[in-house]
Every structure is written in structure tokens, then in C-alpha cells.
Amino acid sequence: MARDDRFDLSVTKKNMEYAAEVAKDKRLTGDRYKLSVIDPEYGDGKGNSHGRYDTPRTPLEFNIEEIKNFKYDMDHCIKCKGCYWVEHTYNPGVKFNVRCPSNLWNDFDAFGAMGKMRIGLGVIDGSLEWSPTLLQVLYACPLCGACDVACKRNLDLEIELSLESLRVKAVQDGVAPLPAHKTAVDKIIETGNIYGEKSDRKAWAKDVKVAAKADTLYYVGDNTSYKNPQIAQATATILNKLGIDFMLLDDEKNDGNVVFSIGMVDLARKIAKENIEAIKATGAKRVVVSDAEAYRVMKVDYPKLLNIATADLGFEVVHILEIAAQAIEDGTLVLTTPVDTRMAYHDASSVSRLCDDWTPYKGERGWMGMIYPGQRRRRGREGLYAQARTIMAAVPGADNTEFIRIRENTFDICAGRGTDIAFPALTKFATSHRLDEAKECGIETIVSADPQCRDAFNAYKDPKDGIEAIDITELIVKAL
Ligand code: SF4
Ligand code: SF4
């Protein structure tokens, strides 16, 4: 249409005449234009629907234990690299605008989700053989979910589940776990914790009130029990202060996070069942965690392994963040001691974009990849984003700021899900990159709800930068 035609009503009239002609088409009946692509009457006029629109439906299940369930997702990656960059509508500049730590560490596209989707296709059709390099590409990735939430902004492809299914396939084919992961798993089997520690797991529980029986159970986790006992003490102090009685498991064991993340689903399922049984045996209605990875694995991966919904676990899983933020909003937790620092919250993937509830899905896929029945996709929007910020806003004296990459667009530092165990160089690289971002933003204190992140920041920080990382529970206790 020529520019001046915009005001020529005869053009509108011509369009209406054309539409009327279209409407006379015998294939289109009734009193409205039935051009909807799912209209069964749109066919050859003899009751046969148009072939393009009635692609036979095929069974579909979001089950990571059969990689072929994700062939469609792998096949429909358009290599747009949306899983690499954070869109400019969210972030300014390009210096801190990459969302995939794995692909930032190694520029070959294989390290990004788009490469791994093609690897998956090669594994499925047998054209690609397992090799040490292939396994490195697959496992040098924290399964952080950045690619998944980004891809789902344009295409409803299940990228995170595809990545998980690739690891399960590597284990099924006998080429994984990697040696470093195998050592960690052996320690878990032998001692019940990933460090192979034989000392008292509850040594931290001094000077705090622990109930023999309560509705709330505090699951502490390996890292907090052995490496960061002050986080367990801070969590217990907060619960005591709020008058929330809590108990501990008599014989707490590893949560199965790394075992699941490296694709050893049979062992992970055994751990999940044992932990769920142990929790249910206490009669607890609510499990409180202070470890981000325990939060994700219990809330999302236990149900995934057991083919049930998060709501059917039999107890609620909450992070201490949620309890503290609610108490601040209710006025039952008041922070009074000034903390003079410029601080920002680091959204750890395992309490943020990976934490939408899990619901099993079994259905069919049809035309244009549509699934029947429809399902509410997990887009990473239901994680714990607001809670830490509510808590930090209540700390007197603090100057709160933000990283450049926040919320669903956070940058994972590769400190968890077993990445640090097999690829410490990647953890160091990603953490140093995030520390550079902190420096750029003038952040003095990085607040985290993931003890693994706290440890990595403090391990790789440059003392000259004057940046320190603390857990959100430590911050709360400091500000009481
Ligand atoms: S995985 Fe998704 S976002 Fe990434 S390149 Fe493929 S289609 Fe694009
Ligand atoms: S899970 Fe994270 S690190 Fe792995 S490919 Fe996706 S964005 Fe990259």
C-alpha cells in the first residue's frame, strides 16, 4: 500500500470486497470467516480437513529418563542464541550481558544450549559417539536454567529438561559419571555426606533451642553442617527469635542434589525416597532449608524423580528467606542494628529460576508442536526473588543496590550442582566474572541464600576490591 493510500477509503473498500470474495470460498462456511488454523471445517469441502493442519498427534511425556522425549525440543532450537545473551530490554550495555557461564567460559557454540541441543540429536540418532570432550561439554555447565527461561520467552522448548536427559543418557550408556563426580558419589554412599566427613553432623547445634517434636523440621544440608555451621546457627537463631519450634532429623543425610544433577537418577530416586520417608516419619508438616540446592532438589527434583507433583510431596518445603521476609512484613521480625555497607543480592539459580513447582506431564504433541492437554510451562517466574530484597530493605543503615543481571536473568557462578567438583576452573572463571560485575556496581557486600555461592565468592575475591559475601541468615542476625 502506497503511503498516501492510508487515508484512501476506497482501499479499505477494496479490502472488504476481497474479504467478501474469500468468504464465498466453499471451504469457509457459516457466518464468520473460519480461517482459524484449528478449524476442522477448513479442508477440501468434503469433510476432510487440510493436511497441513491435522498433523497426527504423537505421545509425549516430560520424563528425563528417556531422551527421545526431548527430540522435538532439540530439533526445534533455531540457534538464535537467546540463551546466550540477556535481552537489552532487561539490561543496559554489553559488558555484563551474557547469561550462559558455560559459553562465556568457552566460546565454542557447543558449550551453549544451542550446541548441546545439536549434540543431543546426534546422541539420539547415533551419529555422535561419546568421547571425553563431549562429556566435558555436557558437564561443564551448572544446569543453571538461564537458557531455559530465555528460550521460553520465544519458544516453548524444554531446554533444561533436555540437558538433564542428556546426562541421564550418558549414565545409562555407562560413560558417566565423570571420575571426580564418581569420587563424590562414593563419599555420599559411604558417609552420607559429599565431603566424606565422619564427624558429628550436629556439632553446630549449640546455644540454640531445638525441639524434640514440632511441625517444622530444619533440614540443614551437607555444606551448612560441615563448612558453614554459622549459617545453621543463624537459621536456628532466627527461628528461635520468631518462636517457631523446629526439630532436626535424627540422622540427616545428603540431599541427592549432585547425584541427581549428574544424571544418576536411580540413586537419586533412592535418596529422595529415603529422605522423604525420614521426614514423614517425624510428622513434620513443613521442611525449612537454608541451602538453595536443598530447596530446589526437594521442591522440584524429588517430585520429578517420583513422578508426582510438588504439592503431593506430603510436606511443604520453604527456604528460611520466606519465613524471615514474611515476619518482616508482619512486623514480627524487626531489624534494629545498622549495617553500614553497600550491598546487593545475588539471585542463586537454585532459589530463583529453577524453582517453579513441578507437575508431571503426559499428553500428546500435534500441529506446530502444540501439546494436548496444554500445560503451564515452568518459566522461572515463581522463584524466591522478592523475599531477600524485602529483608535487605529492612536492614537499617544499609545502602541497597543491584547487580546488572538480576532475577530470572541472574548469572550463575557454577558453584553448585557438581560443577565445582569436576570443573573448578569454570567455577573460578564464572565467580570472578560476577565479582567484576559487583565491582562495576560498587557493591561491598554480596548477600546470598546459597552457601556454595557464598563460599565461591569468598574464595575467589580479590582482597584489594574490598568485597565480601555473606549469607542472608548471617545478615539478619547481624541486624537483629
Ligand atoms: S536453545 Fe532456544 S534460545 Fe537457545 S539458540 Fe536454541 S532456540 Fe534460541
Ligand atoms: S544451563 Fe546455564 S550454563 Fe548450562 S547451557 Fe544453559 S545457560 Fe549455559
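No experiment lies behind these values; they were computed from the predicted model shown. Residue positions are counted from 1 within each chain, in the order its sequence is given. Going through the entries in the order they are written, you letter the chains from A and number the ligands from 1. Only residues with pLDDT of at least 70 are given local features in this predicted model, and only at 80 or more are side-chain atom pairs given and counted; all residues enter the totals for whole chains, interfaces and linings.

Caption draft 1: Broad picture of the overall build of the protein chain. The helix and strand tally for the protein chain stands at 19 helices and 11 strands. Buried, partly exposed and exposed are defined by the number of other C-beta atoms within 10 Å of a residue's own C-beta, namely 20 or more, between the two limits, and 12 or fewer respectively, with C-beta atoms placed from the backbone. The burial tally for the protein chain puts 43% of its 480 residues in the buried class. Here, residues touch in the contact sense if the C-beta positions derived from the backbone fall within 7 Å of one another. If you take every contact in the protein chain between residues at least 6 apart in sequence, the share linking residues at least 24 apart comes to 76%. Labels follow the DSSP assignment, with helices taken as runs of H or I lasting at least four residues and strands as runs of E lasting at least two, numbered in each case from the N terminus.

Caption draft 2: Inspection of the site of ligand 1 at higher detail. Taken together, 16 residues lie near ligand 1, and Cys77, Gly82, Cys83, Met114 and Cys151 sit nearest. Those elements that provide at least two residues to the shell around ligand 1 are helix H4 (113-125) and helix H6 (146-151). Within the shell around ligand 1, the residues separate by chemical class into 13 nonpolar, 1 polar and 2 charged. In this text, near has one meaning. A residue is near a molecule or strand if its C-beta atom, placed using the backbone, is within 6 Å of it. Residues are grouped as follows: nonpolar covers Ala, Val, Leu, Ile, Met, Phe, Trp, Tyr, Cys and Pro; charged covers Asp, Glu, Lys and Arg; every other residue, Gly included, is treated as polar.

Caption draft 3: Structural view of the site of ligand 2. Cys100, Ser102, Cys141, Cys144 and Cys147 are the nearest of the 17 residues found near ligand 2. For the shell around ligand 2, the elements supplying multiple residues, two or more each, are helix H3 (101-105) and H6. A per-element tally of the shell around ligand 2 places H3 first, with 3 residues. Of the residues in the shell around ligand 2, the class split is 11 nonpolar, 4 polar and 2 charged.

Caption draft 4: Representation of the sheet that holds strand E7 (residues 362-365) in the model. Two strands pair under a simple rule: DSSP has to find at least two bridges between them. The antiparallel open sheet is built from 3 strands, whose spatial order is E1-E7-E8. Edge positions in the open sheet fall to strand E1 (58-61) and strand E8 (371-372), since each of these has one partner strand only. Where E7 and E8 come together, 2 bridges link them in antiparallel fashion. Among the inter-strand pairings, arginine 365 is bridged to a residue of E8, identified as isoleucine 371.

Caption draft 5: Broad picture of the nonpolar core. In terms of nonpolar packing, the biggest core is built from 122 residues, with Cys83, Ala324, Val447 and Ile476 touching the most fellow members. Boundaries between domains were set according to an automatic or database domain assignment. Looking at this core, you find at least three residues from each of domain 2 (58-172) and domain 3 (192-332). Ignoring anything within four residues of it in the chain, the contact list for valine 447 reads Met343, Ala344, Tyr345, His346, Ala388, Met392, Ile470, Ile472 and Leu475. Note on terminology: a nonpolar core is any set of buried Ala, Val, Leu, Ile, Met, Phe, Trp, Tyr and Cys residues joined through C-beta atoms within 7 Å.

Caption draft 6: Structural context of the packing of helix H14 (residues 320-330) against helix H15 (residues 386-393). Where helices are involved, their axes are fitted lines through C-alpha atoms of the stretch in contact, as for all axes, and angles between N-to-C directions lie from 0 to 180°. Direction vectors running N to C along H14 and H15 enclose 50 degrees, while the axes themselves pass 8 Å from each other. The pairing of H14 with H15 is recorded here as oblique in orientation. Helix-helix and strand crossings are classified by hand; for H14 and H15 the assignment is left-handed. Along the contact surface, H14 presents Leu321, Glu322, Ala324, Ala325, Ile328 and Glu329, while H15 presents Gln387, Ala388, Thr390 and Ile391. The class makeup of the residues in the contact of H14 with H15 is 6 nonpolar, 2 polar and 2 charged. When an angle is under 35 degrees it counts as roughly parallel; over 145 it counts as roughly antiparallel; between 65 and 115 it counts as roughly perpendicular; any other value is oblique. Take the far helix as the reference: if the near one is turned anticlockwise from it by less than a right angle, the crossing is left-handed, and if turned clockwise, right-handed.

Caption draft 7: Representation of the sheet that holds strand E11 (residues 468-471) within the structure. Read across the sheet, 4 strands follow the order E9-E6-E10-E11 without closing on themselves; strand pairing throughout is parallel. The sheet terminates laterally at strand E9 (399-400) and E11, the two strands that pair on one side only. The sheet contact formed by strand E6 (residues 342-345) and E9 spans 2 bridges and is parallel. For arginine 342, the partnering residue across the bridge sits in E9 and is aspartate 399.

Caption draft 8: The arrangement of the packing of helix H12 (residues 265-282) against helix H13 (residues 292-306) in detail. For the pair H12 and H13, interaxial distance at closest approach is 9 Å and the crossing angle is 110 degrees. One finds that H12 runs roughly perpendicular with respect to H13. Judged by residue contacts, Val265, Ala268, Arg269, Ala272 and Ile276 of H12 engage Tyr302, Leu305 and Leu306 from H13. Counted by class, the contact of H12 with H13 contains 7 nonpolar, no polar and 1 charged residues.

Caption draft 9: Representation of H12 within the structure. Between the first and last residue of a helix there are one fewer steps than residues, each counted as 1.5 Å, and that sum is the expected span. With 18 residues, H12 extends 26 Å from end C-alpha to end C-alpha; this agrees with the ideal 26 Å at 1.5 Å per step. Turning to H12, its buried residues number three or more, namely Val265, Ala268, Arg269, Ile271, Ala272, Asn275 and Ile279. Projection of H12 onto a plane perpendicular to its axis shows the buried side chains occupying an angular sector of 165 degrees, all on one side. Facing away from the buried side of H12 by over 90 degrees, the exposed positions are Asp266, Glu274, Glu277 and Ala281. As for H12, its buried residues are in contact with helix H7 (159-172), strand E2 (216-219), helix H11 (257-261), strand E4 (286-289) and H13. Note on H12: the residue one or two positions beyond its end, glycine 283, has a positive phi of about 85 degrees. It is the directions from the helix axis to the C-beta atoms that the arc portrays.

So, to be careful, I would describe these as geometric facts and stop short of saying anything about function.
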